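Descriptive analysis of the structure
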Amino acid sequence: MMLTRPLPDFPDVFPDHRDAHRLYVLPDRVALALDADGLPRFTLLRRTADDGTSQDGGLLQAFLALDHAGLDALALEPSLAGHALEPAPVVQAEARLVLRGVSGDLVQAAGQWQPVAVGSVDALSLTHHLGPDDTRIVTALVREAGTGGPEPVELELRLRVPGLRPGLPWVVTTTGTTLHDQLRALLPADGPASAQDLDRAFLSLPAGLLRWQPLLDDAVPADTEALALQAARSARQSLFRRVGEGFEWHPGVPLTDTADGLSWRLDLPLPDTVERRLRWSLSEAHRQWAGHAQAFPVVMPFRPMQRVTVHVLCALPLHPRGLAQLDVELRYRGPSGAWVHRTFRFDAHTGLHALSVVGPAFGAGLELSYRTLAVVARDGQLPLTLSSPHFVPVQGLQLVIGEAEAGVRPAPVAADPSLWAHAVAVRLVVTPASGPTRSIELNPQTPDAWVCLTGDERLTPVTAQAMARAGDGAEQPCWSGTLPTEGLRLNGWALEPTAPETVDLRLAEPLAGATALVAVELLASDTVPADGASGTLLTLEAGQARRWSYWRRSLLQPRSYAWRLHWVGRDPATGATRPLRVGPWRVDQTPELLVEQVPT
């Protein structure tokens, strides 16, 4: 996980919040993935009318690769020598079609944002259904020169990377009931408030309602607007709870009318995201692959006694360990009037089939229908075969097979390699609203699996919880929620703490009188450090509390630290100081450390 504050000279490079020598680099471009034969893993199917104009509908399928070409150049930077560079993990992605002006900066038209499946740190899978706006944009690809010529058409990607926003060393104090009443008047009354609503509400609070107190004597002064925004973002974690995409007041928060009844710290890091936008030229792909029937097929209208092409597309992900195979049987009447049957097979390498037929002389059009046969792989068991017994009529000459048509909803589940730096295995429990609960285990040898929902299971939301397991058997939740339609990828940053642990240190009065100096040396460790290890040295005085912060490497790691004493004693008789002594290392887990005696 990273802080949302890049390095001063490198706007695309972010340091890790625990290790400043670990750097994450944002992707700088996107490219079309090719198969083993060098052909594009891409299909843009569009529909046309008799006059050649585009009609609404169609489908864009693409497998894209994020390019981190900047990593090689950054590795040669002298100022970054000794740093570990790695691609930043993308947790959410969206895409839309965009028609740009000749200059390339002006957006003339844009379609709706649609979700993109994130396969790994460098792979994206896109199934984009074309709406009316998309259809008008795609028309610009094939516009004749006399009508203005082709214009730049792009696929714009919006990527979100997890991060942390640094906190401010302040505490906010307010009257709970007054804050509650003021926010209730400022926030929407018809549903949960968005993050932007909360920011605006805190900025609109009456002067003096929020009172600020610095945690450090030498804290850098901050303006009230920055403090109010930080208070709003901290309140999302402590005073509010998430409901869908919004927030509502947490019913478990106690309110009081006392002047100091409600306070919370602003110095802890807060979850945030870094957004990166990339562009991929659909126009350039059209110039390169326009003659390839699999890349840019066109659905022509039906004409009696003329040859037409029927396109069958699979909009479902196929994998040997998931939805392993999908057969689509087409039925239509031939020239003699007899039924003709053709079966097409989809697998992990084939996503489009085309059938060329001669339309009948009479009737409303080609009498076309289909049925499916899906083969679902199951670990340690025979494959499950799902077939539709009846033929379903097809409207038009384009057939897109989705989960409703196939009767199965495949969802990939994968563990990012970064997860194994913290855990030895992950147990995923999938609980459909109807149907049996399933337990799936992922480990470094088998880091991915498939959940294929069938029957009524696929019609209702499916909840899932992932538990990461340490080597000693301890488990820690690393993800829970509704299983995403496009699949689930578990990342190692989910097991990294978002806030440091703290230890409060105090020196007992009797020991303070018997010593001239007492200091505690601390470092984060769950074992006794080796000889030569050194940590942070804090001097203790009677009546003065000191606080030390440390980061755990993982939530699976115990909250433990090592410490040892450095002290200068006094002679009980004369009060003269004795030589400096250093005690042995000890391992502790308590958040409060009272030093009462020196080692004997």
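Structure shown above.
For the structure given in this document, a descriptive report is provided here.

Cut-offs and rules
- In this convention, every chain numbers its residues from 1, walking through the sequence in written order.
- Since the coordinates come from a predicted model, pLDDT governs what is reported: local features require at least 70, and pairs of side-chain atoms require 80 or more to be given and counted, while whole-chain, interface and lining totals use all residues.
- In computing side-chain values, all of the structure's heavy atoms are included and hydrogens and water are not.
- Two strands pair under a simple rule: DSSP has to find at least two bridges between them.
- Helix and strand labels come from DSSP, where a helix needs a run of H or I of at least four residues and a strand needs a run of E of at least two; each type is numbered from the N terminus.
- Note on classification: 1.4 Å probe, protein chains only; a residue is buried when its accessible area is under 20% of the maximum for its type, exposed when over 50%, partly exposed between these limits.
- Every residue pair with non-hydrogen atoms within 4.5 Å of one another is taken to be in contact.
- Between the N-to-C directions of two axes lies an angle of 0 to 180 degrees, each axis being a line fitted to C-alpha atoms and, for a helix, fitted only over the stretch in contact.
- For classification purposes, angles smaller than 35 degrees are called roughly parallel, those larger than 145 roughly antiparallel, those between 65 and 115 roughly perpendicular, and all remaining angles oblique.
- Note: crossing handedness is left-handed where the near helix turns anticlockwise from the far helix by less than a right angle, and right-handed where it turns clockwise.
- For this classification, Asp, Glu, Lys and Arg are treated as charged, while Ala, Val, Leu, Ile, Met, Phe, Trp, Tyr, Cys and Pro are nonpolar and the rest, including Gly, are polar.
- Each residue after the first adds 1.5 Å to the expected span of a helix.
- Within 3.5 Å is the distance limit for a polar contact, defined as a pair of N or O atoms, with the added protein rule that one can donate a hydrogen and the other accept it, and that residues adjacent in sequence qualify only through two side-chain atoms.
- Buried Ala, Val, Leu, Ile, Met, Phe, Trp, Tyr and Cys residues form a nonpolar core when they are joined through side-chain atoms within 4.5 Å.
- Here is the rule: rings of Phe, Tyr and Trp (six-membered ring for Trp) pair when centre to centre is within 6.5 Å. Planes less than 30 degrees apart are stacked, more than 60 are edge-to-face, and the remainder are tilted.
- Two conditions define a charge sitting above a ring: the NZ of Lys or the CZ of Arg must be within 6 Å of the ring centre, and it must be within 35 degrees of the ring normal.
- Each patch is built from residues lacking any salt bridge and having more than 30% relative accessible area; the joining distance is 9 Å for like charges and 5 Å for nonpolar side chains (Val, Leu, Ile, Met, Phe, Trp, Tyr).
- The Shrake-Rupley method, run with a 1.4 Å probe, gives the accessible areas here. Residue values count only the displayed protein chains as cover.
- Whenever a carboxyl oxygen of Asp or Glu lies within 4 Å of a side-chain nitrogen of Lys or Arg, that contact is scored as a salt bridge.

Another point: the pairing of strand β29 (residues 425–432). Across 8 bridges, the pairing between β29 and strand β32 (residues 462–469) is antiparallel. Residue pairing for β32: Val426 is matched across the bridge by Ala468. As defined by bridge partners, β29 adjoins strand β30 (residues 438–442) across 5 bridges and the pair is classed as antiparallel. Along β30, the bridge assignment pairs Val430 with Arg438.

Among the 7 residues that make up strand β31 (residues 448–454), 6 are buried, leaving the element largely enclosed by the rest of the structure. Bridge count between strand β28 (residues 408–415) and β31: 7 bridges; the pairing is antiparallel. Bridge pairing in β31 places Pro410 opposite Cys452.

It is worth spelling out the environment of Trp339 at this point. Locating Trp339 in the fold gives a position in strand β22 (residues 339–346). Exposure remark for Trp339: the relative accessible area of 33% places this residue in the partly exposed category. Sequence separation between Trp339 and Trp212 is 127 residues; the distance between their C-alpha atoms is 80 Å. The residues contacting Trp339, other than those within four sequence positions of it, are Arg331, Tyr332, Arg333 and Glu367.

Contact geometry for helix α4 (residues 195–203) and helix α5 (residues 224–238): axes closest at 9 Å, N-to-C directions at 135°. Considering their axes alone, α4 and α5 lie oblique with respect to each other. The way α4 lies across α5 gives a crossing that is right-handed. Residue-level inspection shows Ala195, Leu198, Asp199, Phe202 and Leu203 of α4 in contact with α5, the latter providing Glu225, Ala228, Leu229, Ala231, Ala232, Arg233, Ala235 and Arg236. Within the contact of α4 with α5, the residues separate by chemical class into 9 nonpolar, no polar and 4 charged.

Here α5 contains 15 residues, and its C-alpha end-to-end distance of 20 Å stays within 8% of the 21 Å for a straight helix at 1.5 Å per residue. Along α5, the positions that sit buried rather than exposed are Leu227, Ala228, Leu229, Gln230, Ala231, Ala232, Ser234, Ala235 and Arg236. Of the residues flanking the start of α5, the one acting as N-cap is Asp223, its side-chain oxygen 3.1 Å from the backbone nitrogen of Glu225.

Let's shift gears to the side chain of Gln398. With respect to the helices and strands, the residue Gln398 is situated in strand β27 (residues 398–401). Setting aside anything within four residues of it in sequence, one finds Gln398 in contact with Leu45, Arg47, Gly58, Val299, His311 and Leu313.

Most often, soluble globular proteins keep nonpolar side chains buried together rather than apart. Judged by nonpolar contacts, the single largest core of 40 residues is most densely connected at Phe42, Leu44, Leu64, Leu124 and Trp280. In terms of residue count, the dominant contributor to this core is strand β12 (residues 153–165) (5 residues). Beyond its immediate stretch of four places on either side in the chain, Trp280 contacts Val30, Ala31, Leu32, Phe42, Leu64, Val153, Glu154, Leu155 and Ala285. Counting residues in hydrophobic clusters, the runner-up holds 35 residues, among them Val308, Tyr370, Val376 and Leu397.

Taken as a whole and assessed by the stated rule, the structure comprises 6 aromatic pairs. Look at Phe240 and Trp249: their rings are 5.2 Å apart centre to centre, the planes differ by 70°, and that puts the pair in the edge-to-face class. An identical accessibility class is assigned to Phe240 and Trp249; each is buried. Taking 6.1 Å as the distance between ring centres and 65° as the angle between the ring planes, the aromatic pair formed by Trp548 and Tyr561 counts as edge-to-face. Residue Trp548 is located in strand β38 (residues 546–550), and its partner Tyr561 is located in strand β39 (residues 561–570); the two are separated by 13 residues in the primary sequence. Given a relative accessible area of 0%, Tyr561 falls into the buried group. Taken together through their ring pairs, the aromatic side chains of Phe42, Trp280 and Phe296 make up a single cluster. Between Arg41 and the ring centre of Phe63, over which it is positioned, the NZ or CZ distance is 3.9 Å. Across from the ring centre of Phe247, 6.0 Å away, lies the NZ or CZ of Arg236, which sits over that ring.

Ordered in space as β2-β3-β7, the 3 strands form an open sheet in which the pairing is mixed. With one partner strand each, in any of the chains shown, β2 (13–15) and β7 (84–87) form the two edges of the open sheet. When strand polarity is set aside, the average angle formed by the axes of neighbouring strands in this sheet is 30°. By the bridge criterion, 3 bridges tie β2 to strand β3 (residues 22–25) in an arrangement that is antiparallel. Bridged to Phe14 within β3 is Tyr24.

On to a nonpolar patch on the surface, then. Together, Leu517, Leu580 and Val582 make up a nonpolar patch on the protein surface, roughly 250 Å² of accessible area in all. As for its placement among the helices and strands, Leu517 is situated in strand β36 (residues 515–524).

This part is about the pattern of salt bridges. Scanning all chains against the criterion turns up 36 salt bridges. One salt bridge connects Arg22 with Glu496, and the closest N-O pair in it is separated by 3.4 Å. One end of the pair, Arg22, is in strand β3; the other, Glu496, is in the loop between β34 (488–490) and β35 (501–507), and 474 residues separate them in sequence. Taken together, the salt bridges that share partners define one network made up of Glu94, Arg96, Glu156, Arg158, Arg160, Glu275 and Arg277.

By secondary structure assignment, the location of Asn491 is in the loop between β34 and β35. Ignoring sequence-local partners within four residues, the contact set of Asn491 consists of Pro89, Val91, Asp416, Ser418 and Leu419.

Attention now goes to the environment of Arg22. The spacing of Arg22 and Ala84 is 62 residues in sequence and 4.9 Å in space, taken between C-alpha atoms. Those residues in contact with Arg22 that lie beyond four places of it in its chain are Phe14, Pro15, Asp16, Ala84, Glu86 and Glu496. Among the polar contacts listed, one links the side chain of Arg22 to the side chain of Glu86, at a separation of 3.1 Å.

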